[in-house]
Amino acid sequence: TAKIEETVPCSPPNMEPLDNTSLEESQFRPEKKEKSTCSICREDGDGYHFGAEACRACAAFFRRSVSLDKTYLCRGNNDCEITANIRCMCRSCRFAKCLEVGMNPAGVQQRRDTIGKREIKPDSTDLMQLLGSVGDGYPPTTSAQSALVEDLHPSFNDRMPILMKMRVNYRKMDNARLVIHRKDGQSLFKEKTPKAVNYKEACAQSIREVSLVADWVAWCFDDFVTLPMDQKKVLFRNFYTPFSVLEGAFLCHINDTSNALILPSGDYIDTNNLKSFFNIPDEEQPMTDDEIEKFCRMFKPSFELNRRGLVLPMMAEKIDVFEFFALCTFVFWDFGLDEQTDDCMMIGKSVKDRVMKELAFYLRCAKRLEEPSLRVASLLTLLPALQRCVRRFQEDIEITNVFNVYAPPKDFYDLVNGKFC
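Rules behind the numbers
Residues numbered from 1 in each chain as written. Predicted model: local features only at pLDDT ≥ 70, side-chain atom pairs only at ≥ 80, totals over all residues. Heavy atoms only, no water. UniProt positions renumbered as here; feature names shortened; annotations may be inferred. Phe/Tyr/Trp six-rings, centres within 6.5 Å; stacked < 30°, edge-to-face > 60°. Helix = DSSP H or I, 4+ residues; strand = E, 2+ residues; numbered from the N terminus. Buried < 20%, exposed > 50% of the residue type's maximum accessible area, 1.4 Å probe, protein only. Lys NZ or Arg CZ within 6 Å of the ring centre and 35° of its normal. Polar contact = N/O pair within 3.5 Å; in protein donor to acceptor, adjacent residues only side chain to side chain. Contact = heavy atoms within 4.5 Å. Patch = residues over 30% accessible without salt bridge, like charges linked within 9 Å, V, L, I, M, F, W, Y side chains within 5 Å. Areas by Shrake-Rupley, 256 points an atom, 1.4 Å probe, with all protein chains shown as cover. Salt bridge = Lys/Arg side-chain N within 4 Å of Asp/Glu carboxyl O. Axes fitted to C-alpha atoms, helices over the stretch in contact; angles between N-to-C directions. Parallel < 35°, antiparallel > 145°, perpendicular 65-115°, else oblique. Left-handed = near helix turned anticlockwise from the far one by under 90°. Nonpolar A, V, L, I, M, F, W, Y, C, P; charged D, E, K, R; others polar.

- You'll find the protein entered in an unreviewed UniProt entry as Nuclear receptor NHR-86, with Caenorhabditis elegans given as the organism.
- Word for word, the UniProt comment on the protein under Sequence similarities (unreviewed entry) is "Belongs to the nuclear hormone receptor family."

Written out as structure tokens, the structure reads:
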């Protein structure tokens, strides 16, 4: 079940047609709206937050109150006046007013306060502390409060139906991740601090992601739902591993770190300390410390390939969430796959053509780029790098399987190699 998200609609700027050829796009650009009013303190509003019109201050107050499970006590009669100039006088009445106007505590994603505000240096050694500061310790996903993942004005829905649907449905998957990656008995409303995972934990998390990603694909692409089951399997088993690699790089990018591989759960692989990745507490280690060190050196280049081939280019290009979704579309609707039919390839071409048009519209009308084609070309250069990273990852998994050293479970081995459905 999807949770209510805190969203700050990103209204496109007031845009006049650049020339006669752009008149069509200009018809879909909304006029600047009058400023709204915060329903709590009557200050200038900042859009809908948690289900009610609110200013940034009241939204932040409500988020902190819910995230930290605060309990306030009114020193008066629980009827204090809450206005812009005295709203901090009684936090109990202010919080009650938030609830009264319709703010929903279930909509608080307890991981948002610090995303985009920290600086992680490449030579950092205390990743636990740094990544623990990401969004108050919650999964750093595309619901983050960052210019790279801002929402668009609803007027874009008609011209970007697929990309906008991907954005909405990614949030559903985002919220579901808060549930599936919790340990039994762990409260959804208590802080979960990201931790460096070992290879066994990373495998288990990846396996839990499969059904969520499959649902996301079905929610996003109506054409996929109509395909025969065998063609659905062909597409999805060739998509999951590239998507996982691409998404991992994007999560690192929007959280401004290149010295760790961030997982959808919010946990991470500490690429500066791979010994922790191959260390399994309370289990007998298959190798000595010296052997583990050699093993780390053998696989370190694979993580470096991912960093240099995907993470750093994404950072350099400042890839945003809608461009990320466009890349996901191009990867999913691949062609020339084993057992793929001509009809499936034709449907895929149609979907990619539509998304390419939506992307061009987005780049012209939302990002205001004069040469959208150059931006598209920059995005597409990431796909060969993605293929190299995926191929290297599959080769590494094969090595561990052949030598039976840190060999992954069979279901994870099949998952990585597209043999799971």
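**Considering the packing of aromatic side chains**
Next up, step 1: Overall, the coordinates contain 27 aromatic pairs when judged by the stated rule.
Next up, step 2: When the centroid spacing of 5.4 Å and the interplanar angle of 45° are considered together, the rings of Phe50 and Phe62 count as tilted. Here Phe50 is found in the loop between strand E2 (48-49) and strand E3 (52-53), whereas its partner Phe62 is found in helix H2 (residues 56-67), with twelve residues between them in sequence. Each member of the pair, Phe50 as well as Phe62, is classed as buried.
Next up, step 3: Summarising the aromatic geometry, the rings of Phe278 and Phe299 are spaced 6.3 Å apart at their centres and angled 40° between planes, so their arrangement reads as tilted. Placement of the pair is Phe278 in the loop between helix H10 (274-277) and helix H11 (289-317) and Phe299 in helix H11, with a sequence separation of 21 residues. With respect to class, Phe278 is no different from Phe299; both count as buried.
Next up, step 4: In this structure, Arg94 packs its charged tip against the face of Phe61, placed 4.4 Å from the ring centre.

**Looking at the side chain of Gln231**
Next up, step 1: On the secondary structure map, Gln231 appears in helix H8 (residues 229-237).
Next up, step 2: For Gln231, a relative accessible area of 1% gives the class buried.
Next up, step 3: From its side chain, Gln231 meets the backbone nitrogen of Thr341 in a polar contact 2.9 Å long.
Next up, step 4: For Gln231, the residues in contact, after removing those within four places along its chain, are Glu339, Gln340, Thr341 and Cys344.

**A closer look at a nonpolar patch on the surface**
Next up, step 1: On the surface, Met298, Ile399, Val402 and Phe403 cluster together into a nonpolar patch covering about 390 Å² of accessible area.
Next up, step 2: Looking at which element gives the most residues to the nonpolar patch, the answer is helix H15 (residues 382-403), with three residues.
Next up, step 3: Note on placement: Met298 falls in helix H11.
Next up, step 4: In this structure Met298 comes out as partly exposed when scored by relative accessible area, which is 38%.

**Describing the packing of helix H12 (residues 321-332) against helix H13 (residues 342-365)**
Two numbers describe a pair of packed helices, the interaxial angle and the distance between the axes.
Next up, step 1: Remark: H12 packs on H13, axes separated minimally by 10 Å, with the N-to-C direction vectors making an angle of 165°. If you check the angle between H12 and H13, you find them roughly antiparallel. Crossing handedness for the pair H12 and H13: left-handed. Packed against H12, whose contacting residues are Phe322, Glu323, Ala326, Thr329 and Phe330, the element H13 presents Val351, Lys352, Val355, Met356, Leu359, Tyr362 and Leu363 at the interface.

**Some points on the packing of helix H9 (residues 240-254) against H11**
Next up, step 1: With their axes 9 Å apart at the nearest point, H9 and H11 run at an angle of 50° to one another. With respect to H11, the element H9 is oriented oblique. Both H9 and H11 take part in a crossing whose hand is right-handed. Between H9, through Val245, Leu246, Ala249, Phe250, Cys252 and His253, and H11, the contact on the second element is made entirely by Asn306, Leu310, Val311, Met314 and Met315.
Next up, step 2: A breakdown of the residues in the contact of H9 with H11 according to their chemical character gives nine nonpolar, two polar and no charged.

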